[in-house]
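Residues per chain are reported as follows:
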Amino acid sequence: MRKILIVGAGQSGLQLALGLQSQGYEVTLMSNRTADEIRTGRVMSTQCMFDTALQHERDLGLNFWESQAPKIEGLGVSVAGPESARVIDWVGRLDGYAQSVDQRVKMAGWMDTFAQRGGQLVIHGAAVGDLDYFSRSYDLVLVAAGKGELVSMFGRDASRSPYSEPQRALAVAYVHGLGPRPEHPDFDAVRCNIVPGVGELFVMPTLTTGGRADILFWEGVPGGPLDVFQGVKDPSEHLALTLELMEKFTPWEYARATKVELTDAGGTLAGRYAPTVRNPIGRLPGGGLVLGVADVVVANDPITGQGSNSASKCAAAYLAAIVEQGDRPFDEEWMQGAFDRYWKTAQPVTKWTNAMLAPPPEHVLNLLGAAGQLQPVADRFANGFNDPADFENFFFDPEKASAYLTEVAGA
């Protein structure tokens with residue numbers, strides 16, 4: 001039985017650990033926190049998972065919360081104009097629903113399941129020296145902990161990383177008491193509100209430790225009016241600031257948020273990081289090799305909501321690559337091949353996300369505007385969040401965008 005060590009108990013690390021466990025591998029999982037510490041800690045993300053990523057969980061029988069989490073059937077885009085009025089406002093319907101489950105709920109639940117199924121769970125923060133020691137006892141070591149010292153083992157791939165600085169300041173609040181959008185009360189949708197030159201506000205339904213909730217998520221251009229959350233430690237102050245900015249920049253969203261309160265004392269999060277693609281193979285001082293997983297090797301800005309989706313897709317790609325390798329060694333060539341397999345889905349995400357961080361060119365504004373008049377355009381844009389590879393066909397190139405709009409208008 002092949003022995004595999006996975007460091008990091010997030011979406012990718014746990015999904016991969018449980019998947020390998022179900023295939024009969026002897027898996028050790030290292031986490032710097034217990035399930036209870038995760039469950040009662042701070043929120044970690046703004047995960048909204050679309051159909052393909054959710055299907056990877058279903059395939060492994062890990063969709064424990066599917067019946068409880070809100071079914072997100074649409075994705076809406078609003079663009080603020082002068083005087084904070086909406087100049088663009090539409091919602092596209094998703095072919096398959098999306099869902100968001102607070103990672104405190106999911107990761108704690110999955111970790112308990114891994115242990116109950118006989119997995120070796122080690123609660124310990126790992127340093128490079130620890131991995132050097134452990135690597136001699138395992139057939140394969142995977143690093144799925146996207147923060148801290150271990151990430152430094154994976155060199156930045158400058159050819160795939162156009163940004164060296166954070167492009168957004170991030171601020172998240174989980175709330176109860178948000179009202180529906182009056183124009184679409186009949187189904188749940190993620191709302192993307194674009195304030196040109198200032199940033200974006202995302203609003204999404206989720207399932208948290210206390211049941212159904214909504215996430216208010218500001219992405220602010222660094223140095224701009226939304227970049228005010230650094231140093232705010234008090235959760236109630238964080239929420240007050242979130243609402244103040246909503247009232248000023250997205251009054252249509254603020255109108256349904258006047259009665260909100262935080263879900264719990266751990267319901268806020270703020271930070272920033274530079275979007276980075278790294279080389280997938282890390283070298284240990286003793287000569288051993290480790291393979292980076294998900295946002296260790298491809299960390300995109302959350303502006304396109306792809307983080308947990310990409311983590312799920314990476315875990316699925318690596319699981320297939322490990323099983324197919326059979327008893328052959330997990331050498332450098334295999335590691336590079338496993339990453340290349342994941343990069344096929346990660347590359348379109350990275351290209352699209354980096355494009356969305358820049359001011360939109362005229363043809364993209366035309367697409368967004370046309371989606372308000374042509375429902376097929378709105379629907380296609382919404383479904384691009386599930387399959388970002390489709391943006392290559394109509395989004396990046398002005399001629400392709402024009403031809404597509406002409407075709408839809410003619411139909």
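Description of the structure in this document.

**As for the packing of aromatic side chains**
Any aromatic ring pair is given by two values, namely how distant the centres are and how the planes are angled relative to each other.
Here is step 1: In total, this model carries 17 aromatic pairs according to the counting rule given.
Here is step 2: Measuring from centroid to centroid gives 5.2 Å for phenylalanine 391 and phenylalanine 395, while their planes differ by 65°, and the two rings are edge-to-face.
Here is step 3: Plain terms: the ring middles of phenylalanine 394 and tyrosine 404 are 5.2 Å apart, the flat faces sit at 55° to each other, and that makes the pair tilted. Of the two residues, phenylalanine 394 sits in the loop between α11 (375-384) and α12 (398-410) while tyrosine 404 sits in helix α12, which places them 10 residues apart along the sequence.

**With respect to the pairing of strand β9 (residues 199-208)**
Consecutive side chains of a regular strand alternate in pointing toward one face of the sheet and then the other.
Here is step 1: Taken across its 10 residues, β9 has 10 buried, putting it largely inside the fold.
Here is step 2: Both faces of β9 are covered, namely the face carrying Gly199, Leu201, Val203, Pro205 and Leu207 and the face carrying Glu200, Phe202, Met204, Thr206 and Thr208.
Here is step 3: Note: strand β8 (residues 188-195) against β9, 5 bridges, orientation antiparallel. Paired with cysteine 192 across the two strands is phenylalanine 202, which belongs to β9.
Here is step 4: In sequence, β8 turns back onto β9 through a hairpin of 3 residues, with glycine 197 there showing a positive phi of about 80°.
Here is step 5: Direction of pairing for β9 relative to strand β10 (residues 211-220): antiparallel, over a ladder of 10 bridges.

**Points about the nonpolar core**
Here is step 1: Of all hydrophobic cores here, the largest spans 65 residues; its most connected members are Ile6, Leu131, Leu142, Tyr318 and Ile322.
Here is step 2: Counting 42 residues, the second-largest nonpolar core is a separate cluster that includes Trp90, Leu170, Cys192 and Phe395.

**Topic: helix α8 (residues 307-325)**
Count 3.6 residues to each turn of an α-helix, and residues three or four apart come out pointing the same way.
Here is step 1: For α8, spanning 19 residues, the distance from its first C-alpha to its last is 27 Å, which sits close to the expected 27 Å at 1.5 Å a residue.
Here is step 2: Within α8, 14 of the 19 residues are buried, leaving the element largely enclosed by the surrounding structure.
Here is step 3: Count one or two residues on from α8 and you reach glycine 326, which has phi positive near 60°.

Criteria and cut-off values
Residues numbered from 1 in each chain as written. Predicted model: local features only at pLDDT ≥ 70, side-chain atom pairs only at ≥ 80, totals over all residues. Heavy atoms only, no water. Phe/Tyr/Trp six-rings, centres within 6.5 Å; stacked < 30°, edge-to-face > 60°. Helix = DSSP H or I, 4+ residues; strand = E, 2+ residues; numbered from the N terminus. Buried < 20%, exposed > 50% of the residue type's maximum accessible area, 1.4 Å probe, protein only. Pairing = 2+ DSSP bridges. Core = buried A, V, L, I, M, F, W, Y, C linked by side-chain atoms within 4.5 Å. Expected span 1.5 Å × (residues − 1).

Interpretation note: all reported values are geometric properties and have no functional meaning in isolation.
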